[in-house]
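# An overview of the molecular structure
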Amino acid sequence: MRLDLVTNFRFSACGSMVVMLLFSGVLMAQTEADYLRSIEVEASGSSVDSETARSASEKSGKDTTRLFERESGQAQGGARVDLTAGLTRPQFEQVLKNSYIGSYLFYKRLSEAQKARVYQFYQTNPDPVHVRNQILQASKR
Amino acid sequence: MKNHYFAPFFLLFAMLLNTSQLLALDVKLTPTRDYVEVIHQGKLIKVQRIQDQDHTLTGGYAKTSRKCPPFCIQPMQVAPGIQVVGQVEIFDFMEKELLDGDGLLIDSRTPAWWKRGTIPGSVNIPFVVFTLDPNDPQLIEAMKLLGVKRRGDVGGISRAIEEIGFLDGDRKNDDWDFTQAKKLILWCNGMWCGQSPRAIRGLLKLGYPADRLFYYRGGMQAWQSLGLTVVLPDEE
């Protein structure tokens, strides 16, 4: 009789633990679902300030799509080559194009004279960080 | 007679001065920066502030209060080892890591938020992606974008060597290779938003190195309150 009681107690303890675990799992899933539902409802009523908003396809944004797609495709093809000292200008431009696509997009917009100055700078300091800064500064002039 | 010679030069100088003053922005990003340019969906977008100094915020981000939970104020420290960044660090990031593909700015919000406007240069990876199973193709695709490779079967000996710190073992686990992991800045709606903290915790759970993760706590709320440019993404 005593054994039965102990066994029953053990079973009921295990049973309630299983139920509790299942319940907590369901509760967690429900909480996550509730969270997602709340943020979706909040999103439907949200908008940004119209003065700050620009469409990504606005004509004023310079379209680099074709250039970017073509060149980033090339860039993904091989291993990244770092800027090293002693490159000729075509090699320098090729490395920029293949490994520093963002900087290259800005470089492409520079005048011939500005490009020559960037290359000249590279010859004295091939550090990519400094070359990038030089390109950015030139593009803002 | 002398005055006669100087007058045109003076006029020219005054005109040049005036033009440069007209070109300079009154509301700059920082004392030395008028704007930053960033590539968003293949287009160059200029990020600057609203120049109208009488403008006050309109739209959803003018709202001060939302029900908590779920929209509760987030702590600065969302997880151990995660640094918090502000707008100026984001401008630097846009001009450096983002430009050369060494980093990503991640809009961790669900697509419903993303399509209503995002920070230029961001990519949308909703936080839920980082809670998926390591074999889920969506997670594998997202991790690839972050520079993380899914690992195949790794031999027991190789793993044992990695675990003692060789072969970049500190940047690898059974599922992922983080040796080329990009520097990430994750953001969502701001101080009251739990989406990017969840994304960060999800990434940490997957093994992403904490020193490559940054939390922009101000998010869209702070970005909007400074009148900074937002883009409405093209439908993909």
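Now for a description of the structure that goes with this document.

Turning our eyes to something else, we now look at the overall build of chain B. From N to C terminus, chain B includes 7 helices and 10 strands. In chain B, buried positions account for 48% of the 236 residues. When contacts within chain B are restricted to residue pairs at least 6 apart in sequence, long-range pairs at least 24 apart make up 67% of them.

What follows is about the packing of helix α3 (residues 89-99) of chain A against helix α4 (residues 101-108) of chain A. All names here are of chain A. Put simply, α3 and α4 touch, their axes get as near as 6 Å, and they point 125 degrees apart. In terms of orientation, α3 lies oblique with respect to α4. Classified by chirality, the crossing of α4 by α3 is left-handed. Of α4, the residues touching α3 (which contributes Arg89, Phe92, Glu93, Leu96, Lys97 and Ser99) are Ile101, Ser103, Tyr104 and Tyr107. Residue classes in the contact of α3 with α4 are distributed as 5 nonpolar, 2 polar and 3 charged.

Attention shifts here to the sheet that holds strand β5 (residues 122-124) of chain B. Residues and elements named next belong to chain B. Within the open sheet, the 5 strands sit side by side as β3-β9-β8-β4-β5. Their pairing is parallel. Strand pairing shows two members of the sheet lacking a second neighbour, β3 (83-84) and β5, which therefore form its edges. Where strand β4 (residues 103-107) lies against β5, 3 bridges are found, and the strand directions are parallel. The residue of β5 that forms the bridge with isoleucine 106 is valine 123. Together, β8 (183-187) and β9 (213-216) form the strand contacts of helix α6 (residues 195-206), whose direction differs from that of β9 by roughly 170 degrees.

What follows is about the environment of arginine 37 of chain A. For arginine 37 of chain A, the position within the fold is in helix α1 (residues 2-44). A distance of 2.9 Å separates polar atoms of two side chains, one belonging to arginine 37 of chain A and the other to aspartate 34 of chain A.

In this section: the interface of chain B and chain A. For an interface, size is often stated in terms of accessible area lost upon the parts coming together. Taken together, the 47 residues of chain B in the interface contact 39 residues of chain A. Carbon and sulfur atoms make up 56% of the area that chain B and chain A hide from each other, which totals about 3800 Å². In terms of surface lost to chain A, no three residues of chain B exceed Leu44, Asp100 and Arg116 of chain B, which account for 17% of the buried area on that side. At the boundary of chain B with chain A, the tally comes to 5 salt bridges.

About the thresholds
- As a convention, each chain's residues are numbered from 1 in the sequence order in which they are written.
- Lettering of chains starts at A and numbering of ligands starts at 1, both following the order in which they are written.
- At least 70 in pLDDT is required for a residue's local features to be given in this predicted model, at least 80 for side-chain atom pairs to be given and counted, and no such filter applies to totals for whole chains, interfaces and linings, which use all residues.
- Side-chain calculation: all heavy atoms of the structure are included, whereas hydrogens and water are not.
- Secondary structure counts use DSSP, requiring at least four H or I residues in a row for a helix and at least two E residues in a row for a strand, with both numbered from the N terminus.
- The buried label goes to any residue with under 20% of its type's maximum accessible area, the exposed label to any with over 50%, and the partly exposed label to all in between, with areas taken from a 1.4 Å probe on protein chains only.
- In this analysis, two residues are considered to be in contact whenever any of their non-hydrogen atoms come within 4.5 Å of each other.
- Orientation is described by lines fitted to C-alpha atoms, with helices fitted over the stretch in contact, and by angles between N-to-C directions that extend from 0 to 180 degrees.
- Relative orientations are named as follows: roughly parallel for angles under 35 degrees, roughly antiparallel for angles over 145 degrees, roughly perpendicular for angles from 65 to 115 degrees, and oblique for any other angle.
- By definition, turning the near helix anticlockwise from the far helix through less than a right angle yields a left-handed crossing, and turning it clockwise yields a right-handed one.
- Amino acids outside the nonpolar list (Ala, Val, Leu, Ile, Met, Phe, Trp, Tyr, Cys, Pro) and the charged list (Asp, Glu, Lys, Arg) are all regarded as polar, and Gly is one of them.
- We treat two strands as partners when DSSP finds at least two bridges between them.
- Nitrogen and oxygen atoms within 3.5 Å of one another constitute a polar contact, given that in protein one can donate a hydrogen and the other can accept it, and given that sequence-neighbouring residues count only through two side-chain atoms.
- Here's the idea: put two parts together, see how much 1.4 Å probe accessible area each one loses, and the total over both is what we call buried area.
- When a carboxyl oxygen of Asp or Glu lies within 4 Å of a side-chain nitrogen of Lys or Arg, that pair is called a salt bridge.

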